[in-house]
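Here are the chains, one letter per residue:
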Amino acid sequence: MRKSIATVSVSGTLAEKLEAIAAAGFDGVEIFENDLLACPLSPEEARARAADLGLGIDLYQPFRDFEAVPAEVLARNLRRAEHKFRLMERLGADLLLVCSNVSPAAIDDDELAAEQLRLLAERAAEHGIRIAYEALAWGRHVNEYLHAWRIARLADHPNLGVCLDSFHILSRGSDPIGIEAIPGEKIFFLQLADAPLLAMDVLQWSRHYRCFPGQGNFDLAGLVASVRRTGYAGPLSLEVFNDVFRQASAERTALDGMRSLIALEQELDGTAQPAVPAGFAFAELADTGALGGVLSALGFARTGRHPTKPVELWEQGGARLLLNATGADPALVAIGLDSPDPAGAAKHAESLLSPVLPRERAPEEARLEAVAAPDGTEIFFCDDAWLTDFAPSGPVPGPVTGIDHVALTQPRHHFDEAELFYRSVLGLRPQESLELPDPYGLLRSKAMSGPGGAVRVVVNIAQVGADHLPWQHVALACDDVVAVARRLRREQPGLLLPIPGNYYDDLEARHEVDPELRDLGVLYDRDEHGEFLHVYTVTVGRVFFEIVQRIGGYEGYGAGNAPVRLAVQHARGH
Ligand SMILES: O=C(O)c1ccc(O)c(O)c1
Ligand SMILES: [Mg+2]
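Computed from a prediction, not measured in an experiment: that's the story for all the values here. (Residues numbered from 1 in each chain as written. Chains lettered and ligands numbered in written order. Predicted model: local features only at pLDDT ≥ 70, side-chain atom pairs only at ≥ 80, totals over all residues. Heavy atoms only, no water.)

Moving on to the site of ligand 1. Ligand 1 sits among 15 residues. The nearest are Arg64, Glu134, His168, Arg207 and Glu239. A distance of 2.8 Å separates an oxygen atom of ligand 1 from a polar atom in the side chain of Glu134. Between ligand 1 and Glu239 there is a distance of 2.7 Å, counted from an oxygen atom to a side-chain nitrogen or oxygen. Against a free-state accessible area of 290 Å², the protein chains account for coverage of 100% of ligand 1. Where the shell around ligand 1 is concerned, the elements lending two or more residues are strand E3 (56-63) and strand E4 (95-99). (Near = heavy atom within 4 Å. Polar contact = N/O pair within 3.5 Å; in protein donor to acceptor, adjacent residues only side chain to side chain. Areas by Shrake-Rupley, 256 points an atom, 1.4 Å probe, with all protein chains shown as cover. Helix = DSSP H or I, 4+ residues; strand = E, 2+ residues; numbered from the N terminus.)

Only Glu134 (OE), Asp165 (OD), Gln191 (OE1) and Glu239 (OE) from the protein reach the magnesium ion (ligand 2) as donors, at distances of 2.0 to 2.2 Å. Given 6 donor atoms and angles of 77 to 177 degrees at the metal, the environment of the magnesium ion (ligand 2) is assigned as octahedral. Ordering the donors of the magnesium ion (ligand 2) by residue number gives the pattern E-x30-D-x25-Q-x47-E. One end of the pair, Asp165, is in strand E6 (residues 160-165); the other, Glu239, is in the loop between strand E8 (236-238) and helix H10 (250-269), and 74 residues separate them in sequence. Judged by its relative accessible area of 2%, Asp165 falls in the buried class. With relative accessibility at 2%, the residue Glu239 sits in the buried group. (Donors = N, O, S within 2.8 Å, 3.2 Å for Na, K, Ca; no water. Tetrahedral: all angles 85-135°; square planar, octahedral: opposite > 155°, others 65-115°. Buried < 20%, exposed > 50% of the residue type's maximum accessible area, 1.4 Å probe, protein only.)

This part takes up the pairing of strand E17 (residues 429-438). Note that E17 and strand E18 (residues 441-449) share 8 bridges and pair antiparallel. Its bridge partner being in E18, Pro430 is matched across the sheet by Met448. With antiparallel pairing between neighbouring strands as the criterion, E17 and E18 make up a hairpin whose turn holds 2 residues. (Pairing = 2+ DSSP bridges.)

Here the focus is the UniProt feature "binding site: a divalent metal cation" (unreviewed entry) in the protein. If you check UniProt for "binding site: a divalent metal cation" (unreviewed entry), the listed places come out as Glu134, Asp165, Gln191 and Glu239 in our numbering. Look at the named residues: they lie 106 residues apart in sequence, but the longest C-alpha span between them is just 12.9 Å, so in the fold they bunch up. Structurally, Gln191 is set in strand E7 (residues 187-192). Leave out the neighbours within four places in its chain, and Gln191 touches Glu30, Leu59, Gln61, Leu97, Glu134, Cys163, Leu164, Asp165, Ser166, Ser237 and Glu239. A polar side-chain atom of Gln191 sits 2.8 Å from a polar atom in the side chain of Glu30. Those residues within four positions of Glu239 in sequence are excluded, and the remaining contacts are Ala6, Val8, Ser9, Glu30, Phe32, Gln61, Glu134, Asp165, Gln191, Leu192, Ala193 and Arg210. A distance of 2.8 Å separates a polar atom in the side chain of Glu239 from a polar atom in the side chain of Gln61. (UniProt positions renumbered as here; feature names shortened; annotations may be inferred. Contact = heavy atoms within 4.5 Å.)

Right, let's talk about the nonpolar core for a bit. Judged by nonpolar contacts, the single largest core of 175 residues is most densely connected at Phe26, Leu164, Leu192, Leu298, Tyr422, Leu476 and Phe545. For this core, the element with the most residues is helix H4 (residues 71-91), which contributes 8 residues. Counting contributing residues, this core receives three or more from each of domain 1 (3-269) and domain 2 (279-571). When sequence neighbours within four positions are dropped, the list of residues in contact with Leu298 reads Gln316, Leu476, Arg487, Leu488, Leu495, Thr537, Phe545 and Ile547. The next biggest cluster of nonpolar side chains, apart from the first, holds 15 residues, and it includes Leu322, Ala370, Trp386 and Leu387. (Core = buried A, V, L, I, M, F, W, Y, C linked by side-chain atoms within 4.5 Å. Domains from an automatic or database assignment.)

This part takes up the pairing of strand E21 (residues 523-526). Judged from the 4 bridges that link them, E21 and strand E22 (residues 530-536) form a sheet pairing that is antiparallel. In the sheet register, Asp525 faces E22, and the bridge partner there is Phe532. Counting the residues between successive antiparallel strands, the hairpin from E21 to E22 contains 3 residues.

Time to look at the sheet that holds E8. Strand order around the closed barrel formed by 8 strands is E1-E2-E3-E4-E5-E6-E7-E8, with parallel pairing between neighbours. Across the sheet, the mean angle from the axis of one strand to that of its neighbour is 30 degrees, orientation sign disregarded. As judged from the 3 bridges shared by E7 and E8, these two strands associate in the parallel manner. The residue bridging Leu190 from the neighbouring strand is Leu236, located in E8. Against the sheet, helix H5 (residues 110-126) makes contact with E4, strand E5 (130-134) and E6, and its axis sits at roughly 150 degrees relative to E5, the strand it touches most. (Axes fitted to C-alpha atoms, helices over the stretch in contact; angles between N-to-C directions.)

Along helix H6 (residues 145-155), the residues classified as buried are Tyr145, His147, Ala148, Trp149, Ile151, Ala152 and Ala155. Contacts from the buried residues of H6 go to H5, E5, E6 and helix H7 (166-171). With its phi angle positive at about 50 degrees, Asp156 sits one or two positions after the end of H6.

Predicted confidence across the protein gives a mean pLDDT of 94, with 97% of residues reaching 70 or more. The ipTM for the predicted assembly is 0.99, set against a pTM of 0.94. (pLDDT = per-residue confidence, 0-100.)

The next subject is the domain arrangement of the protein. Taken domain by domain, the protein comprises domain 1 (3-269) and domain 2 (279-571). Relative placement of domain 1 and domain 2: their C-alpha centres are 43 Å apart. Taken together, the 18 residues of domain 1 in the interface contact 15 residues of domain 2. Buried surface at the junction of domain 1 and domain 2, summed over both partners, amounts to about 1500 Å²; 55% is from carbon and sulfur atoms. Area buried by domain 1 at its contact with domain 2 is led by Gln215, Arg252 and Arg259, which between them contribute 41% of it. One can count 2 salt bridges joining domain 1 with domain 2. (Buried area = accessible area lost by both parts, 1.4 Å probe. Salt bridge = Lys/Arg side-chain N within 4 Å of Asp/Glu carboxyl O.)

This is the structure:
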């Protein structure tokens, strides 16, 4: 389907917005009136600019508070409309969005609304313009899409139809199945926005927290499927009011919008083939030589080296870590995912506009398919071939059994993009979304996981104003955290993060736990499925390790303990 986006969805001047929107591959735009009013380009120049960029102007919006008004107001509103029709002729736009009236002066009378909209449609027709009537979720009397449709049907004019906006429909909890009762040719326009579920006033929710499809909690695919069944042939158009997008790079936002529409279409067409990973093949860390000692203390052994690159393989149980002597401060730089079809996985990622990374390789080395995640972390799709490069010396037994999860960090303005990436490219599903207090702010955190918890990724963002990104970490799954902690306290007492006694006073008040947890600094959590024991190492560079033990079917991440960890890390300076 044709893909469009409202100019309000991205940052910048109108000219900058059009550039970014065209560069992302959209077919058309909705010109949001404020963007034009503040623009030095004349309507003719804006039209030419869009045309040069290959963009159609699919809609002009919004026209407010028109219908169901007293006669003297109607005369003024029609005069206002005539001005807009002439402007639209200059702009080359032939569809005007009219939002349902929000004014306290609006009259609760569908026949009056229909009569006046019919008049508007007649006037519009003289200019070759059509009217798309949209029920705002906070409209004074008309705030449901089926109500807007009833009025448009009553008005019965070929130049009057409805605009459906997923936010207004889904934010009110309306059932989109009713869309299928509207003839497709009377749906003049379809606007798409997702949103996180927030308990707040719907206007504030709409104006600040909309996001692209796949970044929130609405079932956009279900809604669009209903719209398609009507025979609607117009564009899918993103209309997103979002405080963060307004400030972010227009190019990056527009590209992410395009990615969201591609993912949505793939879902609708049944062509989405997310590269659902079967597990972690490895985590790769940049290193200056500091991490080998930490890994040895944790029971890992170096089992191989890359033939041509300064990369070592360290193993314990099923956990494989690569240390890459890049000379950069220790940080998590790549994750390898076990993929049944690495080439197909990379192709799917590429179809969703993920940057595919070039791999230089010697002829004998395994070919690795890799894409960049939004935070720059390289994601490798692996079959078993990669391991043979390292000629590993054999298994390393120990309590660590594998990689439980990795926690990556994003700047605030890439958080939504990251969620869409992990959902659409890797087929991970969002789990809990949390805000964790630390001494200097809030850490937002969202866990995403694959089927059966085979792969878990935690996406963190720094509090606004933080001068550094939060630390990344690799969490190692283990079947006996207490044994690991005992050994480390004995042999390397400085390696584990010390946990304050106050934490245990509270923990012991809530649960009957082994007093040894306090002595060892082991943290504890439980949920309805099971229990969780974990310890953290101190931070090296940007990264630390966590060793976790899931008992029973515990599904969380010990998030309740994270504020204690953050406070200790801050107090230590890392
Ligand atoms: O927030 C608003 O006023 C507004 C305006 C136009 C729209 O299409 C919309 O969905 C909301
Ligand atoms: Mg809208």
